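So the chains spell out like this:
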Amino acid sequence: FYKSKNLAYRQIVNEINILRLLSDIDAPYSDSNGTKGVIRFSALRQVFIKNNNIALVRDFAEGEVLANQSQDKKIHTVRACLSFLKQLSITDNKKIYRVLPVRSPFQMFLLFPLYRLIAVVKDMKKMRFYFQLGLRYYSAFTIRTFFSARYGWAHKDLHSGNIITGNSEISIIDPQVAVIA
């Protein structure tokens, strides 16, 4: 619950909009053992708004957090999730572009170093990795900016703690800071 319309309140509103749009969308996948299943966002069940208080109820994502699983399972699952998100970006769904915040290429150009700096401060041992990541980002950014004006769906907080794997389902959770970028 949030008592004022601060950033956290707006992120919950963003998550509600995302879940309203994406609750019915899923994508098939098969894991490294060949087991078939679906990737999805948790379905939104109910929203409560009263006197600047807001709360949402969504489906329980049953399973185990990806962070607790083997490296091979993590890699395979993250690739499947990224493929799912890429399909959302390719889908010409005008509703998604009207509801989600859109970040311009200029905003992303300025924000990436900030996020990279925060990551480096959290883990100084991976500074070389973050430098390489920065080079890849800016080279891809330059190519896309000059040769393509296409936007894509960005979760912005996708990590192994926000992916729940069950028997035949992968659930992506916590999309409250997602944007079109």
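Please read these numbers as outputs of a predicted model, since none were measured by experiment.

**Some thoughts on the sheet that holds strand 8 (residues 169–172)**
The five strands are arranged 1-2-8-7-5 in an open sheet whose pairing can be described as mixed. At either margin of the open sheet sits one strand with a lone partner, and together these are strand 1 (26–30) and strand 5 (64–65). Of the strand pairs in this sheet, strand 1 and strand 2 (residues 36–41) are connected by five bridges, and their pairing is antiparallel. Its bridge partner being in strand 2, Pro-28 is matched across the sheet by Val-38.

**Regarding helix 4 (residues 105–122)**
Taking 1.5 Å of rise per residue, 18 residues should cover 26 Å, and helix 4 covers 26 Å from first to last C-alpha, within 8% of that figure. Of all the bends found along helix 4, the most pronounced is centred on Leu-111 and spans about 25°, while Pro-113, a proline, follows it within four residues. Considered for burial, the residues of helix 4 that qualify are Phe-112, Ala-119 and Val-120.

**Overview of helix 1 (residues 7–22)**
A rise of 1.5 Å per residue sets the reference length of helix 1, with its 16 residues, at 22 Å; its end C-alpha atoms lie 22 Å apart and thus fit the reference within 8%. Residues of helix 1 that are buried: Tyr-9, Ile-12, Asn-14, Glu-15, Ile-16, Ile-18, Leu-19, Leu-21 and Leu-22.

**Here we look at the packing of aromatic side chains**
Enumeration over the complete set of coordinates arrives at one aromatic pair. Ring geometry for Phe-41 against Phe-84: centres 5.9 Å apart, planes inclined by 40°, an arrangement best described as tilted. Placement of the pair is Phe-41 in strand 2 and Phe-84 in helix 2 (residues 71–90), with a sequence separation of 43 residues. In terms of burial, Phe-41 and Phe-84 fall into one category: buried.

Definitions and cut-offs
- Residues numbered from 1 in each chain as written.
- Predicted model: local features only at pLDDT ≥ 70, side-chain atom pairs only at ≥ 80, totals over all residues.
- Heavy atoms only, no water.
- Pairing = 2+ DSSP bridges.
- Helix = DSSP H or I, 4+ residues; strand = E, 2+ residues; numbered from the N terminus.
- Expected span 1.5 Å × (residues − 1).
- Bend = angle between axes of the 7 residues up to and from the residue.
- Buried < 20%, exposed > 50% of the residue type's maximum accessible area, 1.4 Å probe, protein only.
- Phe/Tyr/Trp six-rings, centres within 6.5 Å; stacked < 30°, edge-to-face > 60°.

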